[in-house]
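# Coordinate inspection notes
Below are the chains, spelled out letter by letter.
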Amino acid sequence: MDKFYIGSHVDNKAPNFVLGSVKEALSYGANALMFYTGAPQNSYRRPVSELKGEEALALLKENNISLDNVIVHAPYIINLANAVKPDIFDVSLRVLIDEIRRVDYLGYHKLVLHPGSHVNMGADIGISKLIEGLNKVIEETKDSKVIILIETMAGKGSEIGITLEQVRHIIDGVYDKSRIGVCLDTCHLSDAGYDLSDTDGMVQKIDEIIGLNYVMAIHINDSKNPQGAHKDRHENIGYGMIGFDTLSKFAHHKAFENIPKILETPYINEKAPYKEEIKALRDNIFNNTLK
Ligand code: FE
Ligand code: FE
Ligand code: ZN
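So, how was this worked out
- Residues numbered from 1 in each chain as written.
- Chains lettered and ligands numbered in written order.
- Predicted model: local features only at pLDDT ≥ 70, side-chain atom pairs only at ≥ 80, totals over all residues.
- Heavy atoms only, no water.
- Donors = N, O, S within 2.8 Å, 3.2 Å for Na, K, Ca; no water.
- Helix = DSSP H or I, 4+ residues; strand = E, 2+ residues; numbered from the N terminus.
- Buried < 20%, exposed > 50% of the residue type's maximum accessible area, 1.4 Å probe, protein only.
- Pairing = 2+ DSSP bridges.
- Axes fitted to C-alpha atoms, helices over the stretch in contact; angles between N-to-C directions.
- Contact = heavy atoms within 4.5 Å.
- Parallel < 35°, antiparallel > 145°, perpendicular 65-115°, else oblique.
- Left-handed = near helix turned anticlockwise from the far one by under 90°.
- Nonpolar A, V, L, I, M, F, W, Y, C, P; charged D, E, K, R; others polar.
- Right-handed = clockwise from strand over helix to strand, strands pointing away.

### Observations concerning the coordination of the iron ion (ligand 1)
His 73 (NE2), His 114 (NE2) and Glu 151 (OE) make up the full set of protein donors to the iron ion (ligand 1), lying at 2.1 to 2.3 Å. In this structure the iron ion (ligand 2) is found 3.4 Å away from the iron ion (ligand 1), and Glu 151 serves as a bridging donor for the pair. Of this pair, His 114 sits in the loop between β4 (110–113) and α4 (123–140) while Glu 151 sits in strand β5 (residues 147–151), placing them 37 residues apart in sequence. The exposure class of Glu 151 is buried, given its relative accessible area of 1%.

In structure tokens, the structure reads:
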């Protein structure tokens, strides 16, 4: 059995919507995928009943793709860490609750969320506000099975959730631990200052500080910038400062065997590189012909 689950983020657009997302993933040879329920940058969302959700589920089943390996990414505008403007916090609550309902409706259960920005109030205040928001959202969606996966961030601007300790702190504050998890992002971890080349050491750190049981998705991206740069610019696999060997070692680590790996690398000449990058990682052979 192929136990290496890998895919990429894929489009969700007219006319086939989520069915189209699954088809796109299959065209890359993926057995995992991630999509947004609309545009990543805003919270405008078409009625979820129009997204061809049932057909998408049928196609996944036909291809033996487990729902564990389908990730939804929440819109970027959500900022539950904003302790400065109550209206932004309130809108963020509403948008996240609606998003959880959409994920429920579509039949999935892993939703990746950016922890947000403290907007000059300091990480501690931002994290407290985020925890307050997460508990409210979880309370208001009690009947849902959707798990909110906190993504580890690069530390751009006033982002929170940069260090493993901050992520642990967020998890500690959430009452219902069955609704919270973590999505690692290799570009963000490196930009945050972690040395991924010591793969075993990194995995051990993640286990000690967060607990591997909380890690439910991994974004595999190279970084355009050196370790600790806090820039968050993704690079194609093997073309950046992390490098192919380290990324492949991380992706194939025994500790992450059952966890979906998702590529969010840039297009090359307006073309998705995912088929080639998926193959390179699956085979553990760097493809140096992409650019
Ligand atoms: Fe993200
Ligand atoms: Fe990411
Ligand atoms: Zn990023």
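### A few points about the sheet that holds strand β10 (residues 261–263)
Pairing within the closed barrel is parallel, and its 8 strands lie in the order β1-β2-β3-β4-β5-β6-β7-β10. Strand-to-strand twist in this sheet, taken as the mean axis angle between neighbours without regard to direction, amounts to 30°. Pairing of strand β7 (residues 215–220) with β10 involves 3 bridges; the strand directions are parallel. Among the inter-strand pairings, His 219 is bridged to a residue of β10, identified as Ile 262. With respect to the sheet, helix α9 (residues 274–283) is in contact with β1 (6–9), β7 and β10, its orientation differing from that of β1 by roughly 150°.

### Here's the deal with the packing of helix α5 (residues 164–173) against helix α7 (residues 199–209)
Where α5 meets α7, the axes come as close as 9 Å, and the angle between the chain directions of the two elements is 30°. With respect to α7, the element α5 is oriented roughly parallel. Judged by the sense of rotation from one axis to the other, the crossing of α5 with α7 is right-handed. Contacts between α5 and α7 involve Leu 164, Glu 165 and Arg 168 from the first element and Met 202, Lys 205, Ile 206 and Ile 209 from the second. Its residues assigned to classes, the contact of α5 with α7 shows 4 nonpolar, no polar and 3 charged.

### Structural notes on the coordination of the zinc ion (ligand 3)
Taken together, His 188 (NE2), Asp 232 (OD) and His 234 (NE2) make up the protein donors of the zinc ion (ligand 3), found 2.0 to 2.3 Å from the metal. Positions of the donor residues of the zinc ion (ligand 3), expressed as sequence spacing, correspond to H-x43-D-x1-H. A separation of 5.5 Å is found between the zinc ion (ligand 3) and the iron ion (ligand 1). Highlighted residues: His 188 in helix α6 (residues 186–191) and Asp 232 in the loop between β8 (222–223) and β9 (234–235), separated in sequence by 44 residues. Like Asp 232, His 188 is buried.

### Here we look at the pairing of β4
On a regular strand, one side chain projects to one face of the sheet and the next to the other, so that they alternate. Residues Lys 110 and Val 112 point to one face of β4 and Leu 111 and Leu 113 to the other, with burial holding for every one of them. Of the strand pairs in this sheet, strand β3 (residues 70–73) and β4 are connected by 2 bridges, and their pairing is parallel. Residue pairing in the sheet places His 73 in a bridge with Val 112 of β4. Read as a crossover between parallel neighbours, the route from β3 over helix α3 (residues 86–106) to β4 is right-handed.

### A word on helix α1 (residues 17–27)
If you check which residues of α1 are buried, you get Phe 17, Val 18, Leu 19, Ser 21, Val 22, Glu 24 and Ala 25. For α1, the secondary structure elements touched by its buried residues are β2 (32–35), α2 (53–62) and α3. Gly 29, located one to two residues past α1, shows a positive phi value of around 75°.

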